[in-house]
Structure formats: structure tokens, C-alpha cells
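Fold and contact review
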Amino acid sequence: MKNINRFNSSILQATVFTVILFGASSCMDNKKPEDTKNVAEEHNNAKFGDNKQEKDAQFLVNAAEINLEEISLGQLAQQNGTTTHAKELGKMMEDAHTKALNDLTALAKKKMITIPTSPTDNAQNDYKKLNDKSGINFDKEYADMMVSGHKDAIAVFEKASTDCSDSDIKEWATAMLPNLRAHLDHAIDCQKKCEKM
């Protein structure tokens, strides 16, 4: 009788253990990967007690987010664009923002600042919104996004070029401004061409 009770107890324990494991693994499967921007911000907040350093770190996080989004949208424009000017704008954005991201990554590493490593949730939402368009509507939406995005980016970089406390970060922000303004001009030109179609 004792052996039967022990056997039943063992089966019950094994069943409970299996249910717990199954429940834990299904919870893990449903867990969405954490936004790399949030991860970077958490790392930097924990690392930098100084408010000035934290602001400089936040600028680099935001700059990385901008570059990652411009690269992914530029690639999409080259694949899905219907006009030559939209495809060319996409190629220019991918190339220029890849170089900017490489420079930024080196700067962040030097300053021991964590930055996003993949497009953020916001960037993925913009990608999906653009990917849902087709034909000339895709090109128009892409041009509109580039105009709006670069106006916002210029404002972020202008603020950093005066407000950053770290001289290397301030210098990099200042050096990026002419490129961002040129990108805006190209995006406006593309936007005008798309409106005529």
C-alpha cells in the first residue's frame, strides 16, 4: 500500500512539475522582445547619476533611433518605390544613415553609452504603415515621412549642438546638421515630384 501511495505521489509531483514547465515556456513564447531603446535608456539611467551625462546619453539614444529608422525605411523605399526619385532617396538615406550610425556607435562605445541596436517599436510601426502603401501612394508617404522625420531630426540635433555638455558629442551633433539639412532638401524635392504625379 505504501508503494502505491509513493507511486501516486511521484506521478502527482511529475504532473505538477510538467504543468509548471509548460506554463512557464508558453509565457516565454508569448513575451515580446523588449524595445532596444527602452533597454538602452534603462542601462544609461543606471550608469549615469549626473544629469548632464544622462542628457547627453539620451541624445545618442535618440540619434541611434533616428538612424535605424532611416536605414530600414530607405531599404523599404528601394524595394517598394515606384519612381526613380523615391528609390534614389531611399538609397541615399540608407547609405548616409548607415555611415552616421557607424560613427555614432563608435562615439557611444567611447563614452560607454548604450544605444539601441535594432529599430524601435515606433520605427517598426512606421515601417508597417509605409509597407501597407503601394504604387505612387507609397512614394508620397515615404517622401512625407522623410520631410517630417528630418525636420524633427534637425531640431533634435540643433538642440544637442548647443546643449550637450560633452564636447565630442556636441561636435558630432554639429557636424551632422549639414547632412540632415541636405537630406531634408532632397526629401522636399522628392515630395514635390510625387505631388505632380
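Before reading further, recall that the structure is shown in the block above.
Overview of the structure. (Residues numbered from 1 in each chain as written. Predicted model: local features only at pLDDT ≥ 70, side-chain atom pairs only at ≥ 80, totals over all residues. Heavy atoms only, no water.)

What follows concerns the packing of helix α5 (residues 121–131) against helix α6 (residues 135–163). Viewed as axis vectors pointing N to C, α5 and α6 meet at an angle of 150°, and their least axial separation amounts to 9 Å. The angle between α5 and α6 places the two elements in the roughly antiparallel class. Contacts between α5 and α6 involve D126, K129 and L130 on the former and, on the latter, F138, E141, Y142 and M145. Of the residues assigned to the contact of α5 with α6, the class counts are 4 nonpolar, no polar and 3 charged. (Axes fitted to C-alpha atoms, helices over the stretch in contact; angles between N-to-C directions. Helix = DSSP H or I, 4+ residues; strand = E, 2+ residues; numbered from the N terminus. Parallel < 35°, antiparallel > 145°, perpendicular 65-115°, else oblique. Contact = heavy atoms within 4.5 Å. Nonpolar A, V, L, I, M, F, W, Y, C, P; charged D, E, K, R; others polar.)

One pass over the structure, following the stated rule, counts 3 aromatic pairs. Measuring from centroid to centroid gives 5.0 Å for F59 and F157, while their planes differ by 80°, and the two rings are edge-to-face. Of this pair, F59 sits in helix α3 (residues 51–80) while F157 sits in helix α6, and the two are 98 residues apart along the sequence. No difference in accessibility class separates F59 from F157, as the two residues are buried. Ring plane angle 55° and centroid distance 6.1 Å describe the contact between F59 and W172, whose orientation is recorded as tilted. Taken together, the residues span a long stretch of sequence, with F59 in helix α3 and W172 in helix α7 (residues 167–195) at a distance of 113 residues. By relative accessible area, F59 is classed as buried at 5%. Taken together, the aromatic side chains of F59, F157 and W172 make up a single cluster linked through ring pairs. (Phe/Tyr/Trp six-rings, centres within 6.5 Å; stacked < 30°, edge-to-face > 60°. Buried < 20%, exposed > 50% of the residue type's maximum accessible area, 1.4 Å probe, protein only.)

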